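# Architecture and fold: a report
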Amino acid sequence: MDKPYTPKEIETRWQTVWEKDKTFRVSESSDRPKYYVLEMFPYPSGRIHMGHVRVYAIGDVIARFKHMRGYNVLHPMGWDAFGLPAENAAIKNKVAPADWTLQNIRDMRQQMKALGLSFDWEREVTTCKPDYYRWNQWLFIRMFERGLAYKKEATLNWCPDCATVLANEQVEEGLCWRCDTPVTQKALNQWFFKITDYAEELLKSCDQLKGWPERVLTMQRNWIGKSEGVEVDFKRADGDDVLKIFTTRPDTLYGVTFMSIAAEHPLLQKIIAGRKEKAAVEAFVEKQTTHNKTIQTTVEQEKEGVFTGAYATHPLTGASIPIWVANFVLMGYGTGIVMAVPAHDQRDFEFAQKYDLPIKLVIQNTTGDLTLPLQSAYTETNGALIESGQFSGLAPKTAQEAIKDFIAQEKIGKREIHYRLRDWGVSRQRYWGTPIPMIYCDVCGIVPVPIKDLPITLPKNIVLGETGNPLLKNKDFIDTNCPKCGSAAKRETDTMDTFVDSSWYFLRYTSPNEVEKPLDSRLTDQWMPVDQYIGGIEHAVLHLLYARFFTKVVRDIGLIKIDEPFKNLLTQGMVIKNGAKMSKSKGNVVDPNHLIEAYGADTARLFSLFAAPPEKDLEWSDDGVQGSFRFLQRVWKLVHEYVRAQPNVSSDFMTTDFSKASARVRNLRRLTHQSIKKVTQDIESGYQFNTAIAALMSFYNGLSRDNHLGPATQDMTLHAAAYTEAITQLLLLLSPFTPHLAESLWETLGHAPSIMDFPWPEYDEKAIKEETTQVVVQINGKVRHRFFVPAGTADTALKEQALSDATILSWIEGKTIKKVFVIKNKLINIVL
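Notes on the structure in this doc start here.

### Focus: the sheet that holds strand 30 (residues 782-790)
Note on sheets: strands pair through backbone hydrogen bonds, and any given pair is parallel or antiparallel. Judged by pairing direction, the sheet is mixed, and its 4 strands sit side by side in the order 30-29-32-31 without closing on themselves. Across the chains shown, the open sheet's two edge strands, defined by having one partner strand only, are strand 30 and strand 31 (819-823). Taken over all neighbouring pairs, the strand axes of this sheet differ in orientation by 20° on average, direction set aside. Sheet analysis places strand 31 next to strand 32 (residues 827-831), joined by 5 bridges and oriented antiparallel. Within the sheet, the bridge partner assigned to V820 lies in strand 32 and is I830. Against the sheet, helix 20 (residues 663-684) touches strand 29 (772-779) and strand 30, its axis set at about 70° to strand 30. On top of the sheet, helix 25 (residues 795-804) reaches strand 29, strand 30, strand 31 and strand 32; it is set at about 120° to strand 30, its chief contact.

### Observations regarding the state of the cysteines
Under the definition given, this model contains 0 disulfides. Not engaged in a disulfide, the cysteine C482 finds its nearest cysteine sulfur in C441; these two sulfurs lie 3.7 Å apart. Here C485 is not disulfide-linked; the sulfur of C441 is the nearest cysteine sulfur, at 3.7 Å. Relative accessible area serves as the criterion here: at 38%, C485 is assigned to the partly exposed category.

### Remarks on the pattern of salt bridges
A full pass over the atoms with the stated rule returns 55 salt bridges. With a closest N to O distance of 2.7 Å, D60 and R605 form a salt bridge. Here the residue D60 occupies a position in helix 2 (residues 50-68), and R605 occupies one in helix 18 (residues 601-610), the gap between them amounting to 545 residues. Close ionic contact of E725 with R669 constitutes a salt bridge, the shortest N to O distance being 3.0 Å.

### Re the packing of aromatic side chains
A complete count under the given rule lists 46 aromatic pairs for this structure. Plain terms: the ring middles of F258 and F351 are 5.4 Å apart, the flat faces sit at 25° to each other, and that makes the pair stacked. Of this pair, F258 sits in strand 10 (residues 258-261) while F351 sits in helix 11 (residues 346-355); the two residues are 93 residues apart in sequence, bridging distant segments of the chain. F351 gets classed as buried once you look at its relative accessible area, which sits at 0%. The interplanar angle of 75° and the centroid separation of 5.7 Å between the aromatic rings of F391 and F406 together place this pair among those described as edge-to-face. Highlighted residues: F391 in the loop between strand 15 (384-385) and helix 12 (396-409) and F406 in helix 12, separated in sequence by 15 residues. For the pair shown, F391 and F406 are each scored as buried. Above the ring of W14, the side-chain terminus of R13 is found at 4.4 Å from the ring centroid. Over the ring of W223 we find R420, and its NZ or CZ is 4.2 Å from the ring centre.

### Brief notes about the packing of helix 1 (residues 7-21) against helix 23 (residues 739-748)
The N-to-C vectors of helix 1 and helix 23 enclose an angle of 85°; their axes lie 9 Å apart at closest approach. With respect to their mutual orientation, helix 1 and helix 23 come out roughly perpendicular. Each of I10, E11, R13, W14, Q15 and W18 in helix 1 lies in contact with helix 23, whose residues at this interface are P739, H740, E743, S744 and E747. Split into classes, the residues belonging to the contact of helix 1 with helix 23 amount to 4 nonpolar, 3 polar and 4 charged.

### Comments concerning helix 4 (residues 97-114)
The first and last C-alpha atoms of helix 4 sit 26 Å apart over 18 residues, in line with the 26 Å expected at 1.5 Å per residue. All of the buried residues in helix 4 are P97, W100, T101, N104, I105, M108, Q111, M112 and K113. Taken together, the buried residues of helix 4 touch helix 1, helix 2, helix 3 (84-93) and helix 17 (592-599). Two residues or fewer past helix 4, G116 is found with a positive phi of approximately 75°.

### Description of a negative patch on the surface
Together, E172, E173, D180 and E538 give the surface a local cluster of negative charge. Residue classification places E172 among the partly exposed positions, given a relative accessible area of 40%.

Reading the values: the criteria
Residues numbered from 1 in each chain as written. Predicted model: local features only at pLDDT ≥ 70, side-chain atom pairs only at ≥ 80, totals over all residues. Heavy atoms only, no water. Pairing = 2+ DSSP bridges. Helix = DSSP H or I, 4+ residues; strand = E, 2+ residues; numbered from the N terminus. Axes fitted to C-alpha atoms, helices over the stretch in contact; angles between N-to-C directions. Contact = heavy atoms within 4.5 Å. Disulfide = S-S within 2.5 Å. Buried < 20%, exposed > 50% of the residue type's maximum accessible area, 1.4 Å probe, protein only. Salt bridge = Lys/Arg side-chain N within 4 Å of Asp/Glu carboxyl O. Phe/Tyr/Trp six-rings, centres within 6.5 Å; stacked < 30°, edge-to-face > 60°. Lys NZ or Arg CZ within 6 Å of the ring centre and 35° of its normal. Parallel < 35°, antiparallel > 145°, perpendicular 65-115°, else oblique. Nonpolar A, V, L, I, M, F, W, Y, C, P; charged D, E, K, R; others polar. Expected span 1.5 Å × (residues − 1). Patch = residues over 30% accessible without salt bridge, like charges linked within 9 Å, V, L, I, M, F, W, Y side chains within 5 Å. Areas by Shrake-Rupley, 256 points an atom, 1.4 Å probe, with all protein chains shown as cover. Lys, Arg positive; Asp, Glu negative; His and termini not counted. Charge placed at Lys NZ, Arg CZ, Asp CG, Glu CD.

Honestly, it's all geometry; don't read function into it.
The following block contains the structure:
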């Protein structure tokens, strides 16, 4: 009786063996080429979900595969442990955020180990621990010294529920990315990182990222948003103020009929002072503070505005241009003032129609049939300028350059390059984050904490409220002395945006025990860049952009040499059920722990990898899970049946000469080596794990069919060697996907663990090319035998082989053969 397949027992045993033997510990002293595979580290919510199972299974297959291919693989894991959810949960459950977070980490670490993931846990980093966040503070100070960290007052995105500032990237369709609360605007003194200093390099470097999805690169390029144009000075008609606008379409300057200014522009109050329109403008401005910046710039947003009562003078025509305050103009983009050309900009056209503002046509199309009133704005750059002074008759693109030159020559503006990207606001008004290491002294001003005094740790004697920052009330934390003059001083109470934590953690993994600086440059140079990074598309303009920025800053500080952190990026799809992303609110969550308990981790891994390509969404299927489990049961049974039939299993197939093997043996070897080639290529060319697993299932089916044919009647020894080869290679190919099953069956074959240390199989092209055909033999219309012959064997040779086969001779012994038919070289019918 074969031993039954019991996943829980098998998996627990092998996880214990791996941990005891430190199977996944990586050493820098290896002479193998390095390979660094990394999944985005998780927030420790307390429980893994199916999205975790999928992304970590993907990474684990890559790590195990590369190890078997001869690489020294770095595959670490850690915890993105700071953030509002921990603080909010601590308030709700009346526990300290640290206690709640660390318990969640312990629970999730155990759940990850239950999946059989090949992480080197000795490199684990936890961002809420002082031994990590002291280096956030170190980097902050170094950035401050280089002018890359600075403080200023700004109107920023504010989440009333979280009571903290949000970066633009953290506002999704007008809502807080964490709690879905509508975001408002608030003026605050905030710390910023000067990411704009790296805008051009971040943009240009996108071209180097050949291993990134084009979709992600497009999102980053658009977010950086480089625009080449001209800045033009419009003077206020009744004052000395200069209203600067930036445009990429100077060819439309003669079509300006009004101007729009941002509600938060510092000149606005001066413009409306003493005017009868002041009250209406201020009411409009107040309304805008509750609107989100991202929504204000969307095409769908209804265009609204109020006339200020003031005018500007057109620098080219001298015309009076009315100044409006409008909801689609933002202080954070361009100059905060835009020229409006309703004939040639659809947004301006809609605004002009709504408020009955003039529309002036200054570009005629190539057919010359554009006339007022227009049905929509003409935004093309084909045709010629009209009513544009000395530039009339020029093609728009030619006119753009000519007008830029004229503006610069007349000193009424200058050529400029603008970026949509804005400096990263990193101040957060909450407790559970890295304390910003700055001190406020009445004598010396803003002074950084001395490096020797790091880390500045979070106080434990705090009382968490429902909202706001409890550090503001903690005198023991706030009160200090100026490190320069010794006077009484105050600490900064804001903490860092948690995206700071994740902007360099991949560097820390290379030397997690370094105590003198954030990283050991020698080891970081050895391991970086990350060869394969894996995570969700939702991080395209958040974490991924910040990580690229930090890498360049750390390089310029002198700690590393690389320019980019991630050589290749895989963005996996979501796990969905009943057509929707799994969520508690939708009631469609599948608990991985229940899945593992019922079917085992290998089944969970196999299903999550087989159900869809990694970059596509995975639709949950109970039938698919059960099908994956049945497949593993069948493999288990096949190997145990084989061992029972061949108790003296050996690896003689590696030295066996198959040159004179029968067609059946050649067919078996072709199946084996076709499978090796298919699985290898599917993994190496885009990580198409679903098709690789399909090939493994076909491989199993072929072995099962061969097994049902019974013992080989011709070259029994060669067949046994070929079958041993097939079973061995099947387990090696399966091992990255289902490591527990593979380890157990590997041991059943008589091998020492770990299967992961055995080289990945190489396919034999000669074995693949040798085509064979299965011939079915019927006697009086009933199938009695099958055998294999080289493809193209002649009918006469088929007859000879059939009539000399021992099995067929036993069926026809003592009987008279009336006729033998050969049909399409595949079927022989013997009539007795």
